[in-house]
Amino acid sequence: MDWLRSGLAPRQLAFTLALGFAIGCIPLLGVTTGICALLALALRLNMPAIQAANWLAMPFQVLLLIPFLRLGQWLFTNSSPVFNRGQILSQIEAAPWRAAMQMGGLLGHGLLAWLLIAIPGLLLLTALLTPLMHQVSKLTTVEAGGD
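Treat the numbers as computed from the prediction; the structure is a model and nothing was measured.

Parameters and conventions
- Residues numbered from 1 in each chain as written.
- Predicted model: local features only at pLDDT ≥ 70, side-chain atom pairs only at ≥ 80, totals over all residues.
- Heavy atoms only, no water.
- Core = buried A, V, L, I, M, F, W, Y, C linked by side-chain atoms within 4.5 Å.
- Buried < 20%, exposed > 50% of the residue type's maximum accessible area, 1.4 Å probe, protein only.
- Helix = DSSP H or I, 4+ residues; strand = E, 2+ residues; numbered from the N terminus.
- Contact = heavy atoms within 4.5 Å.
- Patch = residues over 30% accessible without salt bridge, like charges linked within 9 Å, V, L, I, M, F, W, Y side chains within 5 Å.
- Areas by Shrake-Rupley, 256 points an atom, 1.4 Å probe, with all protein chains shown as cover.
- Salt bridge = Lys/Arg side-chain N within 4 Å of Asp/Glu carboxyl O.

(A) The arrangement of the nonpolar core in detail. Within the largest apolar cluster, 15 residues are counted, with the highest numbers of intra-cluster contacts made by Leu19, Ile23, Leu45, Ile50 and Trp114. Those elements giving two or more residues to this core turn out to be helix H2 (10-24), helix H3 (32-43), helix H4 (47-75) and helix H6 (96-146). Looking at this core element by element, the count peaks at four residues for H6. Discounting chain neighbours no more than four positions away, the residues touching Leu19 are Leu39, Leu43, Leu45, Ile50 and Leu122.

(B) Summary view of the environment of Leu8. Within the secondary structure layout, Leu8 lies in the loop between helix H1 (2-5) and H2. The contact partners of Leu8, leaving out residues within four places of it in the chain, are Leu13, Thr16, Arg44 and Asn46.

(C) View of a nonpolar patch on the surface. Residues Trp74, Leu75, Leu116 and Ile117 make up a contiguous nonpolar surface patch of roughly 440 Å² in combined accessible area. When contributions to the nonpolar patch are tallied by element, the ones reaching two or more residues are H4 and H6. Within the secondary structure, Leu116 sits in helix H6. According to the relative accessible area criterion, Leu116 is exposed, its value standing at 53%.

(D) Summary view of the side chain of Thr126. Here Thr126 shows up in helix H6. With a relative accessible area of 5%, Thr126 lands in the buried category. When residues no more than four places from it in sequence are discounted, the contact partners of Thr126 are Arg11, Ala14, Phe15 and Ala18.

So far we have only geometry, and geometry alone does not tell us how the molecule works.
Shown next, in the form of structure tokens:
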């Protein structure tokens, strides 16, 4: 528990955990650990806590990838390519570079969809975790005083 607190106020720790979880759900595979590390350094957050929350979110990242891409497609109906497996495979075979560009657009739209969900989710999760972190802080203070 000491490494988890490491001088952070309960609200800061709650924010750190919520941010790590939100970043962990981003619909871009393979980048969340680096993003969390950079944010932890830039914002002076607890590195182990943000990374632990990020890693706990990884199953959600996989589960939410398609819903975020579909939401992005729905938000940008005029500019987004059709998200259909057969059509995507045929586009990759016919014109790989064009398909990659379209997939980039699809991922960009998914990223914007994630951002629309992540901001209120971050605020809500911070609000829900803050009382819990106050309890953890009290418990660790009592345990430290009892030693």
